[in-house]
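Residues per chain, in single letters:
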Amino acid sequence: MKNIDADTHLTGTSVYLDDLPLLQGTLFAAAYGAPVAHGILRRLDISEALQIPGLVRIFTAKDIPGENQIGGIIPDEPLLADHHIHFAGMPLALVVAHNRDAARAAVKKIQAIIDPLEVITNPRIAQARGELIMPPKSVIQGDTAEAWPRCTHIFEGAIDINGQEHLYIETQGAYAIPQEHGALKVYSSTQGPTAVQRTIARVSGIPMHRIEVVVTRLGGGFGGKEDQANTWAALCALAAQLLHRPVKYALHRMEDMTMTGKRHPYMADFKIGLDAALKILAYEVTFFQNAGASADLSPAVLQRTLFHCTNAYYIPNVSATAYSCRTHLPPNTAFRGFGGPQGMYVIEAAIAAAATGLHIDKAQIQRANLIQTGDAFPYGQIAESEAVSSWQKAESLYEPDKIRASIHAFNAAHSLVKKGMALMPICFGISFTNTLMNNARSLVHIYSDGSVGISTGAVEMGQGVNTKILQVAAQTFGISYERVKINATSTYTVANTSPSAASATTDLNGKATLIACNALLERLLDLVVKDLGVERKCLSIQQEVVLNNGVPTDWNWVRLVNTAFVQRVALSENGHYATPVIHYDPISGKGHPFAYHVYGTAIIEVTVDCLRGTYETDSVKVVHDFGRSMNPDIDRGQIEGGIVQGIGWMTLEEVIYNQEGKLLSNALSTYKVPDIYAVPKEILIEHLHTDMDNLAIFRSKAVGEPPLMYGIGAWFALRDAILAFRPDAVLPFVAPMTPEKVLMALYAKQPVPAYEEKVSHLGID
């Protein structure tokens, strides 16, 4: 089945926040952001701004009727700064005017009188000064201290991983409309309608039952609208509440890039030890997460970094510690992979350092240490692994040894153009790491004409969740897809929802829909049982006809529904699903936090122009663990998009702040994202067929986040190509590997001391 939004996307009729018809009297907002990254706000001079024609009002922190606080996990983030400024772009005031141009013009006339303070942008410095969001977290397995003497080879190194701009096509925004009895209706571009509802209630003092948050779809989210959409919805709601007028704010692209957080940059130190057979015996890693100015989702992101610090490998002795470091950057936030990719990059770098030191192919170490069923992850969960299966199928199907031989032959024949390759196994856990968030509800109505309406907490943002939920209902009822409609997400129809995130949205909301549909189906088929005197287990519905042991009866879907309606049988049902089995004890650092894991292996090939430092990704060949895909076309699209986004993070996309904490890469002219020319020339995706059961909806494993991690392999493929040109090149583990950095690595005369690879060898010459 094709994506149900395909036609409206193609014709331009899909409705996003900015497409909503405006009510008469709608006002427009714009935020004034702090011009410095750290300081004490003495006063705001708004006198010139008040002279702008069309200005209605300027709101500051003192106008907030409720609590000036939007922090979720930790209450450390004011909606509007009232004294202490923590990052450049931090909202200090909200301007409301009769039109957008007037609002933006007034913002430019505001002047802030600020006493500047020292700015910290480096997480290592923040950690050294005790500037932490929370106490450090650790995951421990075995005993690394006992294991080091048994290691034949030990290697150490330092890591610097940059952030990543979400760059969703639709920027952040909201439209708040006052309702009767002091209520508010808020259209928000958010992945978390309940989070927006809760935040508005906190800021406004209005109880949640008087705040309806509605989302039809997003023009992309990637995690950037999971928590950070709260700010803009709360600002619009504040203005609408106090002015009793509808208020809209859709951020300008440069506003969005400047005032919102990114994927977390990380720094890290690692130490890895192997025996003579290349088995990794010990691994120690310390992560320095750049959280930005406030917690946002950093504690949860940091937890997943620890959970994925060994990627697809079994390491018996692991000691991983992570610091969430407070700096003077916008609060960094969720991004596809949610901290997992950063942890996975570091173990891949550690293995690469070991391979370089031992003068062997990195794949030899990777293959020797893949996690197998029955092995324990560092957090205690026992693996049901497809890591070896996916690797073996990639070897059989794509023949990496032949690829390597071909690359060697090419490199021998070309002096200024070199090819490189890397294998990238992945292992990614599916569930919210916070156990309580793993639940969902679905409200299913069957109308008297046989059509079906479904409301869930899922937010459609291009990942195809609405299509899959529709499939669940149509297949369960045995009816045509055309009879089913998925409604806009609303906190009035489905309450207390988890955000659409963690790759769990289809599983959670699909399972809730399945529960509701099955309950309705039982009621309907009970009518046939009574009429025909047959057993329930003999009945099914296919193509809208009721079958008795596979034989058509004179009952069909419309007759079933009409009969139920006449007999006053309930044709509405609310399904609730809570993921079973999962649990995690943060004190012991052990548990079973994931419903299941997704595995896969990719082979990435690149070509580097060694004269210019430019490069191309030739191919990405993947064997991916789909489970039993319920919609292969949607899943393949997600894999392709994830791969390209991952390659962009590792190669092109560089978030640059200056020492004063001001964003320099604040526009598409200064921030490079993959375009059609950066897409791999070839992406091959093969389904790993397995019989292993899982907790996914219809056994169709989640596919939103895992494919992004295949893109990590592009960094190591580029490294491979650079070393083919210059075997003595010093290649610090700094991502992204931009063309400038490639050129420097190809021709640099001296290593970069701050990131020089630290390698020690024990027992070898």
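Structural notes, computed from the coordinates. Source: prediction; values computed, not measured. (Residues numbered from 1 in each chain as written. Predicted model: local features only at pLDDT ≥ 70, side-chain atom pairs only at ≥ 80, totals over all residues. Heavy atoms only, no water.)

1. Some thoughts on the overall build of the protein chain
To keep things clear, this is the line we draw: Only runs of H or I of at least four residues qualify as helices and only runs of E of at least two qualify as strands under DSSP, and these elements are numbered from the N terminus. Note on method: radius of gyration uses C-alpha positions; expected globular size equals 2.2 Å times residues raised to 0.38. The rule is simple: take the accessible area with a 1.4 Å probe, protein chains only, and divide by the maximum for that residue type; under 20% is buried, over 50% is exposed, in between is partly exposed. Where accessible areas are quoted, they stem from the Shrake-Rupley method and a 1.4 Å probe; at the residue level, only the protein chains shown are allowed to cover. For this count, His and the chain ends are skipped, Lys and Arg are scored as positive, and Asp and Glu as negative. Here the site of a charge means atom NZ of a Lys, CZ of an Arg, CG of an Asp or CD of a Glu.
Each helix and strand counted, the protein chain has 18 helices and 31 strands in total. A compact globule built from 765 residues should have a C-alpha radius of gyration of about 27 Å, and the protein chain, at 27 Å, falls within 12% of that. With the principal axes as the frame, the protein chain shows a C-alpha extent of 85 × 80 × 50 Å. Of all 765 residues assigned to the protein chain, the portion counted as buried reaches 61%. For the protein chain, the accessible area works out to roughly 28,700 Å², and carbon and sulfur atoms hold 54% of it. In the protein chain, the 62 positive side-chain charges and the 74 negative ones have mean positions that sit 3 Å from each other.

2. What to know about the environment of Thr497
Convention followed: Whether two residues are in contact is decided by their heavy atoms, any of which lying within 4.5 Å being enough.
Take Thr497: it is sitting in the loop between strand 20 (489-490) and helix 14 (505-532). Remark: the alpha-carbon pair of Thr497 and Pro193, spanning 304 residues in sequence, is separated by 7.4 Å. Look past the residues within four positions of Thr497 in its chain and what remains in contact with it is Thr194, Arg441 and Gly457.

3. Quick word on the pattern of salt bridges
Pairing of side chains with opposite charge becomes possible as their charged atoms draw close. Worth spelling out the cut-off: What counts as a salt bridge is simple: a side-chain nitrogen of Lys or Arg found within 4 Å of a carboxyl oxygen of Asp or Glu.
Counted under the stated rule, the structure contains 34 salt bridges. Notably, a salt bridge pairs Lys672 with Asp675, separated by 3.1 Å at the nearest N-O pair. Given the relative accessible area of 42%, Lys672 is considered partly exposed. On the basis of relative accessible area, Asp675 is assigned to the partly exposed category, the value being 30%. A salt bridge links Arg726 to Asp728; the shortest N-O distance between them is 2.9 Å. Shared partners join several salt bridges into a network, and the residues in it are Lys419, Glu616, Asp618 and Lys681.

4. Considering the pairing of strand 1 (residues 27-33)
Residues in a regular strand point their side chains to alternate faces of the sheet. Rules: Only when DSSP finds a minimum of two bridges between them are two strands counted as paired.
The buried fraction of strand 1 is high, at six of seven residues. Relative to strand 12 (residues 247-250), strand 1 runs parallel, the two sharing two bridges. Looking across to strand 12, one finds that Phe28 is bridged to Lys248.

5. Quick word on the pairing of strand 14 (residues 280-292)
Stated precisely, the cut-off is as follows: Orient the strands so they point away from the viewer; a crossover is then right-handed if the path from the first strand over the helix to the second runs clockwise.
Across the 13 residues that make up strand 14, a large majority, 11, are buried. With helix 8 (residues 298-307) bridging strand 14 and its parallel neighbour strand 15 (residues 317-326), the resulting β-α-β unit is right-handed.

6. Looking at helix 15 (residues 557-566)
Formally: What the arc covers is the set of directions going from the helix axis to the C-beta atoms. Under this definition, polar contacts are N or O atom pairs within 3.5 Å; protein pairs additionally need one hydrogen-donor-capable and one acceptor-capable atom, and for neighbouring residues in sequence, both atoms have to be side-chain atoms.
The complete set of buried residues in helix 15 reads Trp557, Leu560, Val561, Thr563 and Ala564. Seen along its axis, helix 15 keeps its buried residues to an arc of 165°; they face one direction. For helix 15, the exposed residues lying more than 90 degrees away from the buried face are Phe565 and Val566. Between the side-chain oxygen at the start of helix 15 and the backbone nitrogen of Val558 there is a gap of 3.3 Å, and the oxygen is on Asn556. Among the residues trailing helix 15, Arg568 stands out with phi positive, at a value near 60°.

7. Side note on the sheet that holds strand 9 (residues 173-178)
In plain terms, the rule: Here, axes are lines fitted to C-alpha atoms. For helices the fit covers the stretch in contact, and angles between N-to-C directions go from 0 to 180 degrees.
Pairing in this open sheet of eight strands is mixed, and the strands run 3-5-1-12-9-10-11-20 from one edge to the other. Only two strands of the sheet have a single partner each, and these edge strands are strand 3 (55-59) and strand 20. Sheet topology places strand 11 (residues 211-215) next to strand 20; two bridges connect them, and they run antiparallel. Following the sheet pairing, Val215 is matched in strand 20 by Thr489. Relative to the sheet, helix 2 (residues 100-109) contacts strand 1, strand 3, strand 5 (91-97) and strand 12, its axis offset from that of strand 1 by approximately 20°. Packed on one face of the sheet, helix 5 (residues 193-204) meets strand 10 (184-188), strand 11 and strand 20 and runs near 145° to strand 11.

8. Structural notes on helix 11 (residues 387-398)
Owing to its 3.6 residues per turn, the α-helix brings residues three or four apart onto one side. Just so we agree on the cut-off: One fewer than the residue count of a helix, multiplied by 1.5 Å, yields its expected span.
End to end, helix 11 covers 16 Å across 12 residues, agreeing with the expected 16 Å (1.5 Å per residue, within 8%). Among all positions of helix 11, only Ala387, Val388, Ser390, Trp391, Ala394 and Tyr398 are buried. Its buried side turned inward, helix 11 meets helix 10 (362-368), helix 12 (400-413), strand 16 (417-430), strand 27 (596-609), strand 28 (615-624) and strand 29 (682-687). Directly after helix 11, the chain includes Glu399, whose backbone phi takes a positive value near 50°.

9. Considerations on the packing of helix 9 (residues 340-358) against helix 17 (residues 712-725)
How two helices pack is summed up by the angle between their axes together with the distance between the axes. How we decide: Any angle between 65 and 115 degrees counts as roughly perpendicular, while under 35 counts as roughly parallel, over 145 as roughly antiparallel, and the rest as oblique. By definition, any crossing whose near helix is turned counterclockwise from its far helix by less than a right angle is left-handed, and any crossing with a clockwise turn is right-handed. Residues are sorted three ways: Asp, Glu, Lys and Arg are charged, Ala, Val, Leu, Ile, Met, Phe, Trp, Tyr, Cys and Pro are nonpolar, and all the rest, Gly among them, are polar.
Relative orientation of the contacting elements helix 9 and helix 17 amounts to 25°, with a least axis distance of 10 Å. The angle between helix 9 and helix 17 places the two elements in the roughly parallel class. The handedness of the crossing between helix 9 and helix 17 comes out as right-handed. Note on element contacts: helix 17 touches helix 9 through Ile712, Trp715, Phe716 and Arg719, opposite Pro341, Met344, Tyr345, Glu348, Ala349, Ala352 and Thr356. Split by residue class, the contact of helix 9 with helix 17 holds eight nonpolar, one polar and two charged.

10. Side note on the packing of aromatic side chains
Condition: Aromatic pairing here means that ring centres of Phe, Tyr or Trp (its six-membered ring) are within 6.5 Å. Orientation follows from the plane angle: under 30 degrees is stacked, over 60 is edge-to-face, and everything else is tilted.
A full pass over the atoms with the stated rule returns 16 aromatic pairs. With a centroid separation of 6.3 Å and 65° between ring planes, the pair formed by Phe270 and Phe733 is classed as edge-to-face. With a gap of 463 residues between them, Phe270 in strand 13 (residues 266-274) and Phe733 in strand 30 (residues 733-735) connect regions that are remote in the sequence. Arranged with centres 4.7 Å apart and planes meeting at 55°, the rings of Phe307 and Tyr379 form a pair that is tilted. Of the two residues, Phe307 is situated in helix 8 and Tyr379 in the loop between helix 10 and helix 11; the sequence distance between them amounts to 72 residues. Tyr379 shares its class with Phe307; the two are buried. Among the aromatic residues, ring-to-ring pairing joins Phe270, Tyr345, Trp715, Phe716 and Phe733 into one connected group.

11. Observations regarding the sheet that holds strand 16
Here four strands make up an open sheet; going across it, the order is 16-27-28-29 and the pairing mixed. Two strands bound the open sheet, and with one partner strand each, they are strand 16 and strand 29. Here the strands of the sheet are splayed against their neighbours by 15° on average, with no regard to which way each runs. One ladder, built from nine bridges, connects strand 27 with strand 28; its direction is antiparallel. The residue bridging Gly600 from the neighbouring strand is His624, located in strand 28. Set on the sheet, helix 17 makes contact with strand 16, strand 27 and strand 28; between it and strand 16 the angle comes to about 155°.

12. Digging into the nonpolar core
To be explicit about the condition: We call a set of buried residues a nonpolar core when its members are Ala, Val, Leu, Ile, Met, Phe, Trp, Tyr or Cys and they connect through side-chain atoms within 4.5 Å of each other.
Membership of the largest hydrophobic core comes to 111 residues, with the highest contact counts inside it found for Tyr283, Tyr345 and Phe733. If you tally residues by element for this core, the top one is helix 9, at 12 residues. Counting 59 residues, the second-largest nonpolar core is a separate cluster that includes Ala49, Leu80, Ala97 and Ile114.

13. Focus on the environment of Phe698
Mapping Phe698 onto the fold places it in the loop between strand 29 and helix 17. As for Phe698 and Lys468, which are separated by 230 residues in sequence, their C-alpha atoms are 10 Å apart. Those residues within four positions of Phe698 in sequence are excluded, and the remaining contacts are Val472, Gln475, Thr476, Leu514, Arg628 and Met630.

14. Regarding the packing of helix 16 (residues 632-651) against helix 17
Across the interface, helix 16 lies against helix 17 with an axial gap of 7 Å and an inter-helix angle of 50°. Relative to helix 17, the element helix 16 lies oblique. Regarding helix 16 and helix 17, the two cross each other, and that crossing is right-handed. On helix 17, the residues touching Ile647, Trp649, Met650 and Thr651 of helix 16 are Ile712, Ala714, Trp715 and Leu718.

15. Let's talk about the side chain of Glu255
In this fold, Glu255 is placed in helix 7 (residues 253-259). One buried charged residue, Glu255, remains without a salt bridge, the closest side chain of opposite sign being Arg104 at 4.3 Å. At a separation of 2.9 Å, a polar atom in the side chain of Glu255 contacts the main-chain amide nitrogen of His252. Other than its neighbours up to four places away in sequence, Glu255 contacts Ala31, Arg104 and Tyr249.

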